[in-house]
Amino acid sequence: MAQHHQLYVDGEWVDGAMGATFDSYNPYTGEVFARVAAGEVEDLNRAIAAADAALPAWAGSSPAYRAELFLRAANVLEEMRDEFVQTFVEEQGAAKFTCNFQVNFAGMLMREAAAQAHDPIGQILPSDTPGAFFMTKRQPAGVVAGIAPWNGPLLLGLRAVTLPMVYGNTTILKPSSETPVVGGALIAKLFERAGFPKGVVNVVWNGPGKSGEFGEAIMAHPRVRRVNFTGSTDVGRELGILGGKYLKRVALELGGKDPCIILRDADMDTAVNATCFGKFMGSGQGCMAVERIIVEQPIGDEFIDRFVKKASSLKVGDPREDDTGIGPLINRRQLERVKTQVEEAVRDGAKIMCGGRYEGLSYWPTVLTDVKRNMRVMREETFGPVAPVIVVKDVEEAIEVANDNAYGLSCGIITRDLQKGLAIADRIESGMVHINESSTADEPHVPFGGVKDSGWGKMGGKQAAEEFTELRWITFQTSPRQYPL
Ligand code: NAD
């Protein structure tokens, strides 16, 4: 019997305005996992009105109170761990270790929010005006809407609203229609159980095919003051255009084609283990997943040999089993994208060293060699367990290949020479670089974000306060001024 889930608006669980529902499928079994309410723009508007009504009290509440609520949420999250993990596995198909990783991150995020409650501070500025006192002050921006993807539903859904809330904003979360339960309904339940006042967080999702309508309604609504979007570059671009049209600031956390550079002096165990984890976690469906492996020629063969052995040893299959490393892809469209990129690469001369096969939505860990820079598998996001490996003659070529891409999210560099690693890091066009680690890394207190087609804005750390508060200039005169008129 499938579960039933409703939208969460103004502290109430409600059906969509039209009473319509849609089914959320388990991508491994293909069975209906849950029947969920299909939200309409009318529901979204009610959620925005509720957030707006809750704003004055929440923005005026003490930071200590807000910190306390987030600490409570961290505890509730732990109590709900099994529910989160089980739902995540069923709805998104991720292996259990990936789900537990996201629950751990979510707990850290709640505590980071509590720690930042007193943070958004202003400054006292000097002035050239006699008798003037100048200060800047950070205030809540207002209603903040967060649009989240399916691939990290818990972590990215929470990231869309958590820091905005602790700064005194009220929020709307719109999860993906692929993961409305783990990325939406359960997040609402978490905040409800932690005792967040009604209207402070609202969770509404649209039925399939209506995301564009929702997106425009969010961007156009005058009471929504900030939007954050985590998802594909194509949709981010559309929202950026709408941001111009409606003069609304939108933080964009978009796709990636992250390189991992392995230098000739690399520790081979680190190179193989870090790249394998960074590539195959979440079945490769991660924005910061390793999407291109660039290895210096002298160690090319050895790395490929060991990496292929490790990739081949990962267990593919039912994510409900504890030892499964690779769960299914999210849907058939995603499978087609992965398959097509691999087929095209092979047609154009690439070799499949392992994998290259699929069953249902499960795609086997695949290593491709003899790839060329102009192949789609080297240029576009694959978002699957496919690792193209390109062998380069030296560091200069490695940097050139790494930067030869429209995206710029994260990058890994594996080397024993820290100084060299740091010098290379300076020349990589990305928001984040990790030395002796793959591109896959995140903690809630860091300024996570990309450059180029990977977007703009920082969703984590203290830098999030710049996205989600208004920096205002306030002055007062301590003595009468002399005016020329
Ligand atoms: P997507 O762009 O299709 O959807 C993301 C969200 O936007 C979903 O909630 C979807 O319903 C909604 N949406 C779709 N069209 C919309 C529109 N026209 N207006 C407003 N909202 C719309 O992306 P996805 O397939 O869910 O997620 C995968 C993508 O997200 C990948 O490209 C991945 O790299 C990226 N991603 C980026 C980060 C990051 O932090 N940079 C993190 C995770 C995923």
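Engineer: Tell me what's going on with the domain arrangement of the protein chain, and back it up with residues and numbers.
Structural biologist: The domain architecture assigned to the protein chain consists of domain 1 (3–254 + 454–473) and domain 2 (258–435). Its C-alpha centre places domain 1 at a distance of 31 Å from the equivalent point of domain 2. Opposite the 20 residues of domain 1 that make contact, domain 2 presents 24 residues. Taking both sides of the interface into account, the surface hidden between domain 1 and domain 2 amounts to around 2000 Å²; carbon and sulfur atoms contribute 61%. Counting the surface domain 1 buries against domain 2, the share from its top three residues, Y28, W150 and S454, is 28%. Taken together, domain 1 and domain 2 are joined by one salt bridge. Note that D322 is salt-bridged to K96, the shortest N-O span being 2.9 Å. For the pair domain 1 and domain 2, the interface holds six residue pairs in polar contact (both at pLDDT 80 or more). Counting only elements with at least two residues in the side of domain 1 that touches domain 2, the list comes to α3 (81–92) and α4 (96–116).

Engineer: Tell me about the sheet that holds strand β4 (residues 21–25), and name the residues and values.
Structural biologist: Ordered in space as β1-β5-β4, the three strands form an open sheet in which the pairing is mixed. Edge positions in the sheet fall to β1 (3–5) and β4, since each has one partner strand and no second. Strand-to-strand twist across the sheet, computed as the mean angle between neighbouring axes with direction ignored, equals 25°. Strand direction decides the pairing type here: β1 and strand β5 (residues 32–37), joined by three bridges, are parallel. Bridge pairing in β5 places H4 opposite R35.

Engineer: Go over the side chain of N151 with me, naming the residues and quoting the values.
Structural biologist: Here N151 is to be found in the loop between β8 (143–147) and α5 (153–166). A polar contact is formed between the side chain of N151 and the backbone oxygen of Q285, at a distance of 3.0 Å. Those residues in contact with N151 that lie beyond four places of it in its chain are Q92, Q102, L156, Q285, G286, C287 and F383.

Engineer: Now, about the site of the ligand: what can you tell me, with residues and values included?
Structural biologist: The environment of the ligand is made up of 29 residues, and the closest members are A148, W150, S232, L254 and E381. Between an oxygen atom of the ligand and a side-chain N or O atom of R159, the distance comes to 2.9 Å. In this structure, K174 approaches the ligand through a side-chain N or O atom, which is 2.9 Å from an oxygen atom. Considering the ligand on its own, with 840 Å² of exposed area, one finds that the protein chains cover 89% of that surface. When residues of the shell around the ligand are traced back to their parent elements, those giving at least two are α5, α7 (211–220), β11 (224–230) and α8 (233–246). Here the residues of the shell around the ligand are counted per class, giving 14 nonpolar, 10 polar and five charged.

Engineer: Tell me about the nonpolar core, residues and numbers included.
Structural biologist: Counting residues in each nonpolar core, the largest one holds 88 residues, and the members touching the most others are F70, F84, L158, M165, I172, F191 and F196. Every residue in contact with L158, bar those within four places of it in the chain, is listed here: A106, L109, M110, I187, L190 and F191. Residues L335, Y363, M375 and V392 belong to the second largest nonpolar core, which totals 29 residues.

Engineer: Describe the pattern of salt bridges, naming the residues involved and giving the relevant values.
Structural biologist: Close approach of charged atoms allows side chains of opposite charge to pair. Across all of its chains, the model carries 32 salt bridges by this definition. Of the charged contacts, one joins R223 and D52 as a salt bridge, the two residues approaching to 3.0 Å between their closest N and O atoms. Taken as a pair, R223 in the loop between α7 and β11 and D52 in helix α1 (residues 41–59) lie far apart in primary sequence, 171 residues in all. Between E296 and R264 there is a salt bridge, and its shortest N-O distance comes to 2.9 Å. Residue E296 is located in strand β14 (residues 290–296), and its partner R264 is located in the loop between β13 (258–262) and α9 (268–280); the two are separated by 32 residues in the primary sequence. What makes E296 buried here is its relative accessible area of 2%. R264 sits in the partly exposed class, given a relative accessible area of 41%. One salt-bridge network, in which partners are shared between bridges, spans R373, R379, E400 and D404.

Engineer: Summarise empty space enclosed by the protein; cite the residues concerned and give the values.
Structural biologist: Taken as a whole, this structure holds three cavities of 30 Å³ or more when the rule is applied. Its boundaries defined by the atoms lining it, the largest cavity holds a volume of some 300 Å³. Together, 23 residues line the largest cavity, and Q102, N151, M281, G286 and M288 are the ones closest to its centre. Elements supplying a minimum of two residues to the lining of the largest cavity: α3, α4 and α5. Looking at the lining of the largest cavity, its residues break down into 10 nonpolar, 11 polar and two charged. If you count residues domain by domain, the lining of the largest cavity takes at least three from each of domain 1 (3–254 + 454–473) and domain 2 (258–435). Approximately 60 Å³ is the volume attributed to the second largest cavity.

Engineer: Give me the lowdown on the sheet that holds strand β7 (residues 132–140), citing residues and values where you can.
Structural biologist: Here three strands make up an open sheet; going across it, the order is β6-β7-β25 and the pairing antiparallel. The strands lining the two open edges of the sheet, one partner per strand, are β6 (123–125) and β25 (469–477). Averaged over neighbouring strand pairs, the angle between their axes works out to 25° when direction is ignored. When β7 meets β25, the two strands line up antiparallel, connected through nine bridges.

The rules behind each value
- Residues numbered from 1 in each chain as written.
- Predicted model: local features only at pLDDT ≥ 70, side-chain atom pairs only at ≥ 80, totals over all residues.
- Heavy atoms only, no water.
- Domains from an automatic or database assignment.
- Contact = heavy atoms within 4.5 Å.
- Buried area = accessible area lost by both parts, 1.4 Å probe.
- Salt bridge = Lys/Arg side-chain N within 4 Å of Asp/Glu carboxyl O.
- Polar contact = N/O pair within 3.5 Å; in protein donor to acceptor, adjacent residues only side chain to side chain.
- Helix = DSSP H or I, 4+ residues; strand = E, 2+ residues; numbered from the N terminus.
- Pairing = 2+ DSSP bridges.
- Axes fitted to C-alpha atoms, helices over the stretch in contact; angles between N-to-C directions.
- Near = heavy atom within 4 Å.
- Areas by Shrake-Rupley, 256 points an atom, 1.4 Å probe, with all protein chains shown as cover.
- Nonpolar A, V, L, I, M, F, W, Y, C, P; charged D, E, K, R; others polar.
- Core = buried A, V, L, I, M, F, W, Y, C linked by side-chain atoms within 4.5 Å.
- Buried < 20%, exposed > 50% of the residue type's maximum accessible area, 1.4 Å probe, protein only.
- 1 Å grid on protein atoms, 1.4 Å probe; cavity = no way out; pocket = protein on both sides within 12 Å on 5 of 7 lines; lining within 4 Å.
- Points joined across faces, edges and corners; volume = space filled by probe spheres on them.

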